[in-house]
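# Summary of the model geometry
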Protein chains: 2
Amino acid sequence: MKVKVVSKILEANDRIALDNRKLFDAAGVFVINLMSGPGAGKTSLLEKTVSQVSGLKIGVIEGDICGSDDAERVGSLNVPVVQINTGGACHLDANMISEVLADVPLDQLDLLFIENVGNLVCPAEFKVGEDIKVMILSIAEGHDKPLKYPLMFQESSALVLNKTDLAPYVDVDIGKIKRDALSLNPGIKIFEVSCKTGQGIPEWIGWLKERARKN
Amino acid sequence: MKVKVVSKILEANDRIALDNRKLFDAAGVFVINLMSGPGAGKTSLLEKTVSQVSGLKIGVIEGDICGSDDAERVGSLNVPVVQINTGGACHLDANMISEVLADVPLDQLDLLFIENVGNLVCPAEFKVGEDIKVMILSIAEGHDKPLKYPLMFQESSALVLNKTDLAPYVDVDIGKIKRDALSLNPGIKIFEVSCKTGQGIPEWIGWLKERARKN
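Here's what I pulled together on the structure shown here.

Criteria and thresholds
In this numbering scheme, every chain counts its residues from 1 along its sequence in written order. For this description, chains carry letters from A and ligands carry numbers from 1, given in the order in which they are written. Where local features are concerned, this predicted model is filtered to residues with pLDDT of at least 70; where side-chain atom pairs are given and counted, the filter is 80 or more; whole-chain, interface and lining totals use all residues. Excluded from the side-chain calculations are hydrogens and water; all other atoms, namely the structure's heavy atoms, are used. A run of DSSP states H or I qualifies as a helix once it reaches four residues; a run of E qualifies as a strand once it reaches two. Both are numbered from the N-terminal end. Computation of the radius of gyration draws on C-alpha atoms alone. For the globule rule, the value is 2.2 Å times the number of residues to the power 0.38. To sort residues, take the accessible area from a 1.4 Å probe on protein chains only and compare it with the maximum for the residue type: under 20% means buried, over 50% means exposed, and anything in between is partly exposed. Throughout, a contact is declared for two residues whenever any of their heavy atoms are within 4.5 Å. With residues, only the protein chains shown are counted as cover, and all accessible areas are computed by Shrake-Rupley using a 1.4 Å probe. The buried area of a pairing is the accessible area, by a 1.4 Å probe, that goes missing from both parts when the two are put together, added over both. Any Lys or Arg side-chain nitrogen found within 4 Å of a carboxyl oxygen on Asp or Glu counts as a salt bridge. In this description, a line fitted to the C-alpha atoms serves as the axis of each element, helices being fitted only across the stretch in contact, and the angle between N-to-C directions of two axes falls anywhere from 0 to 180 degrees. With respect to orientation, any angle under 35 degrees is reported as roughly parallel, any angle over 145 as roughly antiparallel, any angle of 65 to 115 as roughly perpendicular, and every other angle as oblique. The classification used treats Ala, Val, Leu, Ile, Met, Phe, Trp, Tyr, Cys and Pro as nonpolar, Asp, Glu, Lys and Arg as charged, and all other residues, Gly among them, as polar. Here, any two strands with at least 2 DSSP bridges between them count as paired. Least squares is the method for superposing the copies, and the C-alpha atoms it fits come from residues with pLDDT of at least 70 in both.

Attention now moves to the overall build of chain A. For chain A, the helix and strand inventory stands at eight helices and seven strands. Here the C-alpha radius of gyration of chain A, 17 Å, is about what a compact globule of 215 residues would show, namely 17 Å. Dimensions along the principal axes, computed over C-alpha positions, put chain A at roughly 50 × 45 × 35 Å. Looking at chain A residue by residue over its 215 residues, the buried ones come to 56%. Sequence-distant contacts, at least 24 apart, represent 73% of the contacts inside chain A between residues at least 6 apart. In the form shown here, chain A has an accessible surface area of approximately 8,700 Å², with 51% of it arising from carbon and sulfur atoms.

Put into structure tokens, the structure is as follows:
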């Protein structure tokens, strides 16, 4: 019975996600569902990306259980931002996105980031209408994460390994993270970045522009 | 309709949690539901606790989506460990615990840790029969976490701030974490620890023994 309920929720979600996707495609906007556990650096990566990218008009939908800290951080960089408060829900779903799309100036954008709630599990199960999913892992979370939380690694087109500046101070085998992520998802593109020092950000932005252009 | 379903699930869960709790109380075991986001250090804190505590017989139930890495790490310290694989579920619930209790030697224990799935959101919603909830936050996750993920801070009797050894290398205001956690939950007991250096572990163990003894 429990499985049936979940399955119906997911089917309904997928239908709304498809509707969202049609609107994104009609407007020519490339959409990225950005996911990670709490504090891995989603908002920091958005800040770096928005401030360093050229030639791409970017918009952001921020998803948080409550508050608007992230929207204020990104909005201060003069990009259109809409904040969703999930009111307790641990992930964004397609309906939440659908409900705010009237407030997103799709016709003026090339690229829309949807920053999900910080959670390494549930967001990977719910499509929101995105072209691709991208995930971030802070290397401070440890090298056992791909095999313990496989779905997000399997669903993501890219894995951004953030906080590489902490490598000398944490006991982490970055090679193992990369090997395990690739074993789960041989096509995943991996970036090693530090949003603090800026290391790796140009490579990430280069890939992003290439993906958005293919749209 | 969606709310009704969730509410029924939570009611059913609470009934089973109460049954679990009766078994724990009958055996005189103090039970801690240990929660955090991914990679904050739940298993590391258990390793430190088990290896340094004296005068308390400890058992562990490990909850992971898949795999048995954590159970092997803790089991190597010669404490009874049972691994639960949730098969995708993002939290432990009371029924999952109920199903493995026959494999836990309750009569031989003073203290049982239930290590939840790494997730800063959903585990806080589901009682499993514990006496208290304890949460861990890695300071590398950033100081905005209490206000963005309030429920877990509100539900926990103690907050273990881990990875304090990283303080010189991350931009984090530990004072703000403590102030915000206390504003959400004035009774929460806060420990600053480093499972890497051992800093703060004796204070944590002292509190733990006091709480378990009051049982």
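Tallying the contact residues gives 35 residues for chain A and 35 residues for chain B. Summed over both partners, the interface of chain A with chain B comes to about 2,700 Å²; 58% of that surface belongs to carbon and sulfur atoms. Of all residues in chain A, Pro38, Lys148 and Tyr169 of chain A bury the most surface against chain B, accounting for 23% of the area lost on that side. Here chain A and chain B share six salt bridges between them.

With that settled, the discussion passes to the packing of helix α2 (residues 42-52) of chain B against helix α8 (residues 201-213) of chain B. Residue and element names in this part refer to chain B. The contact between α2 and α8 brings their axes to 10 Å, and the two run at 70 degrees. Judged on the interaxial angle alone, α8 and α2 are roughly perpendicular. Contacts between α2 and α8 involve Leu45, Lys48, Thr49 and Gln52 on the former and, on the latter, Ile201, Trp204, Ile205 and Leu208. Among the residues making up the contact of α2 with α8, the classes are represented as five nonpolar, two polar and one charged.

Moving on, we get to the sheet that holds strand β6 (residues 158-162) of chain A. Residue and element names in this part refer to chain A. The strand order β3-β2-β4-β1-β5-β6-β7 describes an open sheet built from seven strands, whose pairing is parallel. Only two strands of the sheet have a single neighbouring strand rather than two, namely β3 (81-85) and β7 (189-192). Averaged over all neighbouring strand pairs, the angle between strand axes comes to 20 degrees, with direction disregarded. Pairing of β6 with β7, which is carried by four bridges, proceeds in the parallel orientation. The residue bridging Leu161 from the neighbouring strand is Glu192, located in β7.

A word on unusual backbone geometry. Residue and element names in this part refer to chain B. The backbone phi angle of Asn78 is positive, close to 65 degrees, even though this residue is not glycine. Here Asn78 shows up in the loop between α3 (69-75) and β3 (81-85). Residue classification places Asn78 among the exposed residues on the basis of a relative accessible area of 72%. For Lys163, which is not a glycine, the phi torsion comes out positive at approximately 65 degrees. By relative accessible area, which is 15% here, Lys163 ends up buried.

Moving on to the relation of the copies chain A and chain B. Laying chain A over chain B is done by rotating through 180 degrees and shifting 0.0 Å along the axis; what remains is an RMSD of 0.0 Å. Taken together, the turn and the small shift mark the pair as related by a two-fold rotation axis. Using C-alpha coordinates, one finds that chain A approaches the rotation axis most closely at Asn119 of chain A, a distance of 3.0 Å.

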